Amino acid sequence: MTFSDIRWGLFLGGLGLFLFGISLMGDSLKSIAGDKLRTYIDKYTSKPWQGLLIGAVMTAAIQSSSATTAICIGFIRAGLMSLEQSAGIIIGANIGTTITAFLIGLNIDQLSVYLIFIGAAILLFSNNKKLHDIAKVTIGFGLLFYSLSIMGDTLSELKNVPQFVNFAKMCTNNPLIGLFGGVILTICMQSSSASIGIIQLFYESGAITFLGVIPFLYGANVGTTITAIIASMGGKITAKRAAALHLSFNVIGCIIGLLMMMPLYHFTSFLASTFGINPMMQIAITHILFNLAATVVVFPFIKQLCAFVRKVLPGDEPKKFEVNIEELNPHNFPVASAALSAAYKFILEMKKIVKENLENTRQYMIGGVGDDEDFDHIEETENIINKIDHQVTSFLTSLSISQLTQDSQHISTLYLEITKNLERIGDLSVNVAEFAKMVHDDNDAFSNSAYDELNEMFDTLYKMLDQAFEFVETKDIITYEHILNDEAELDTLEYQSRKNHFTRLVKKECNGAVASSVYADILGNIERMGDHCCNIARNCFETYL
C-alpha cells in the first residue's frame, strides 16, 4: 500500500468535523460561563498558586489555552494583575488543556450520534439561549467522537504504508524528529488538542509505537504557543511578554520531558498493563503526567522566569491597579467622617481611571491604529470602573443612618451622585470606542477636520472633569462658573462640529460610509459626558451652597 491509496478525503472530512467540534464546544462553554470566568480570575489570582488553579479550571472549561492567555493579556493591560500573576494562569492552562485528550481517551464514539441528535433536537425545539449553548456543547462533544471514528478508520491504514512505518521508526529512535513533528503539526492545526487527538489515533491504530508518541506530545505543547505569538506580533509589550512567558515555560517543559522520557514511558506502560487502560487513555494520562511534572519543576521559579522575559523584552508595562476595593467595608470604619473619607479616596481613584480611559479612547479613535488589543484594554479598564462603582455604592448605602449626621447624609448622597456620574462617563467612553471600532473594522477613517474637532472637544471635556473635582474640594464659586461656561462651550462645539460634518457630506469631502454614519453619534456622546461633569459640580453646589 502507498500514501495515494489512503482515503485522504475521508480523513480531511473527519478532521474538519473534529476541529469544528472543538471550536463549537469551546465557544459554547465560554458563552455559558460568561463573565464569571473573568470575575473568578480577578478575585482569586492574588497568589501564583491560585492563578495556577484558575488557569487549569478555566482552560478545561473553555477548551482553549490560547483564549486563557488572551484574557490574561487583557487583565495585565487593564492593571488588574501583574505578569507574575498571569504566569500562574498561563502555566495552569497547560494542565487544563489536557482535558480534551482525556475526553478522547474515554473512547465513547458509539454514543456520538446520539449526542449529536439530542443537541440538534434541543436547538430545533427550544428558544432558550442557555439551552441552545448547552445543545451546542452536546453537538460539539458528539462531533468530537464521531469525527475520531471517521479519522481512525483512515489512519489505521497507515501501518500498511512502508514509508510511514519507516518514519514511525525514526521517531522512536530519534525523539527530536517526533518533537519537531508535534510542533509543526500543532502549528498547522492551531490547536494542541487537535494534534494530540490525531496522535492518539495513530497510536491506537498501531501505526506508531508508544515511545515514538511521547516526543509528539512535547512538541504539541511548544507548537500551541504559536497562536499567542502570532497575536502578539505588532502588539503592545504586555502581549509579547505573555506570549514569551508561555513559550519559555513550554520550551523548558519540553526539555524536562526529554530528560524524563524513559521513566515516563515505563511508568505509563506499567499503568496501562496493570489497569488495562486503552491506548487513547494511555496517551491522555502521559500528557497529564508530563504537564504536571513540568509545572512542579518550573512553578517555584515563576519570578525568575518573569524577570527573564522582562530582560529579553524590555519596556514599561501598565501600572497595576493597587487600590484594593475589598478594603472598603463598613465594619472597618466605625466613625462616619473616616468612612466618608475612605469612600472619597476611592472616588478619586475612580476619576483618575475614568480620565485615563477617556485618553485611551481618544488615542484609539484619533490615533488611527485600531488595534484590537487597545479596544480590549478600554473594555477591561471599564470593568475596573464598574467594580469601584459597585463597591462604593454598596459601601455608602450600607452605612447606618444612626452613624451619620444630617450633614454626613448629604455628603454620602453627594458621593453617590458623583460615583454614578463617573460610571456613566465611563460607559459613554466605551460607546465612543465602539463607534471607533466600527470605523476601524471597515478600514475607514475620519477627515483631518473631524479629528481636529474631536480633539478640541476632548480637551474641553478633560478640563471640565478636572474642574468638577476641584470645585468638590474647594467649593470655589468661580470654578463652578468656569464649568458652566465650559459646558456651554462644549455644547457649541458639538453643534458646530455636527454642522461642519453635514457640510462635508454635501461637498463629498467625507466618503467613508461608516465614519459618516457614526460621527454625529460620537459628538453626542462626548457632549453627554460633559453634562455628567457639570452634574458633579451642580450636585456639589446644591449640597454645600
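Scroll up to find the structure this text is about.
Residues numbered from 1 in each chain as written. Predicted model: local features only at pLDDT ≥ 70, side-chain atom pairs only at ≥ 80, totals over all residues. Heavy atoms only, no water.

Participant: What's the story with the overall build of the protein in this structure? I'm lost.
Facilitator: Each helix and strand in the protein was counted, giving 23 helices and 0 strands. Relative to its 545 residues, the protein shows a buried fraction of 53%. Across the protein, every contact between residues at least 6 apart in sequence was considered, and the portion connecting residues at least 24 apart equals 82%. With an accessible surface of roughly 24,000 Å², the protein has 61% of that area assigned to carbon and sulfur atoms. (Helix = DSSP H or I, 4+ residues; strand = E, 2+ residues; numbered from the N terminus. Buried < 20%, exposed > 50% of the residue type's maximum accessible area, 1.4 Å probe, protein only. Contact = heavy atoms within 4.5 Å. Areas by Shrake-Rupley, 256 points an atom, 1.4 Å probe, with all protein chains shown as cover.)

Participant: Mind showing me how you'd approach the pattern of salt bridges here?
Facilitator: Any two side chains of opposite charge can pair, on the condition that their charged atoms come close. For the structure shown, the criterion picks out 12 salt bridges. A salt bridge links Asp466 to Lys351; its shortest N-O distance comes to 2.8 Å. Placement of the pair is Asp466 in helix 21 (residues 448–474) and Lys351 in helix 18 (residues 336–366), with a sequence separation of 115 residues. With a relative accessible area of 28%, Asp466 lands in the partly exposed category. Accessibility expressed as a relative area gives 15% for Lys351, which makes it buried. With a shortest N-O distance of 3.6 Å, Asp486 and Lys463 are connected by a salt bridge. In this pair, Asp486 is assigned in helix 22 (residues 477–506) and Lys463 in helix 21, connecting sequence segments 23 residues apart. According to the relative accessible area criterion, Asp486 is buried, its value standing at 6%. Overlapping salt bridges bring together Lys351, Lys355 and Asp466 as one network. (Salt bridge = Lys/Arg side-chain N within 4 Å of Asp/Glu carboxyl O.)

Participant: What's the story with the environment of Leu245 in this structure? I'm lost.
Facilitator: Within the secondary structure, Leu245 sits in helix 14 (residues 237–259). Remark: the alpha-carbon pair of Leu245 and Phe308, spanning 63 residues in sequence, is separated by 8.9 Å. Setting aside anything within four residues of it in sequence, one finds Leu245 in contact with Leu83, Ser86, Ala87, Ile90, Leu305, Cys306 and Val309.

Participant: Where do I start with the packing of helix 11 (residues 192–205) against helix 16 (residues 279–298) in this structure?
Facilitator: Pairs of packed helices are described in terms of their axes, by the angle between the two and the distance that separates them. Their axes nearest at 8 Å, the elements helix 11 and helix 16 cross at an angle of 135 degrees. It follows from the interaxial angle that helix 11 and helix 16 lie oblique. For the element pair helix 11 and helix 16, the recorded crossing hand is right-handed. The residues of helix 16 that touch helix 11, namely those facing Ile196, Gln200, Leu201, Tyr203 and Glu204, are Pro279, Met280, Gln282, Ile283, Ala284 and His287. (Axes fitted to C-alpha atoms, helices over the stretch in contact; angles between N-to-C directions. Parallel < 35°, antiparallel > 145°, perpendicular 65-115°, else oblique. Left-handed = near helix turned anticlockwise from the far one by under 90°.)

Participant: Could you clarify how one ought to interpret a negative patch on the surface in this entry?
Facilitator: A contiguous patch of negative charge on the surface is contributed by Glu470, Glu473, Asp476 and Glu481. Within the fold, Glu473 resides in helix 21. What makes Glu473 partly exposed here is its relative accessible area of 48%. (Patch = residues over 30% accessible without salt bridge, like charges linked within 9 Å, V, L, I, M, F, W, Y side chains within 5 Å. Lys, Arg positive; Asp, Glu negative; His and termini not counted. Charge placed at Lys NZ, Arg CZ, Asp CG, Glu CD.)

Participant: Hey, could you run me through the packing of aromatic side chains in this one?
Facilitator: For any two aromatic rings, the description comes down to two numbers: the centre-to-centre distance and the angle of the planes. Within this structure, the stated rule accounts for 10 aromatic pairs. Each residue in the set Tyr203, Phe210 and Tyr265 is aromatic and connected to the rest through ring pairs, giving one cluster. The ring centre of Phe375 lies 5.6 Å from the NZ or CZ of Lys437, which sits over that ring. We note Lys475 situated over the ring of Tyr544; from NZ or CZ to the ring centre the distance is 4.4 Å. (Phe/Tyr/Trp six-rings, centres within 6.5 Å; stacked < 30°, edge-to-face > 60°. Lys NZ or Arg CZ within 6 Å of the ring centre and 35° of its normal.)

Participant: Sorry, what's going on with the packing of helix 12 (residues 210–223) against helix 16 here?
Facilitator: The interhelical angle for the contact between helix 12 and helix 16, taken along N-to-C directions, is 50 degrees, at an axis separation of 10 Å. By the criterion of interaxial angle, the relationship of helix 12 to helix 16 is oblique. Read as a crossing pair, helix 12 and helix 16 show a hand that is right-handed. Contact residues: Phe210, Val213, Ile214, Leu217, Tyr218 and Asn221 in helix 12; Gln282, Ile283, Thr286, His287, Phe290 and Asn291 in helix 16.

Participant: Which parts of the structure should I look at to understand the side chain of Arg504?
Facilitator: Looking at the secondary structure, you find Arg504 in helix 22. Ignoring anything within four residues of it in the chain, the contact list for Arg504 reads Ser447, Ser449, Ala450, Glu453, Ser497, Glu509, Cys510 and Tyr519.

Participant: Help me understand the nonpolar core in this model?
Facilitator: Here is a general trend for soluble globular proteins: nonpolar side chains tend to be buried in one another's company. Formed by 70 residues in total, the largest nonpolar core has its most connected members in Tyr415, Phe446 and Leu454. Sort the elements by how many residues they give to this core and helix 18 lands first, with 15 residues. When sequence neighbours within four positions are dropped, the list of residues in contact with Tyr415 reads Leu340, Ala343, Tyr344, Ile347 and Leu396. If you look at the next biggest cluster of nonpolar residues, it comprises 41 residues, including Leu103, Ile196, Phe210 and Cys254. (Core = buried A, V, L, I, M, F, W, Y, C linked by side-chain atoms within 4.5 Å.)

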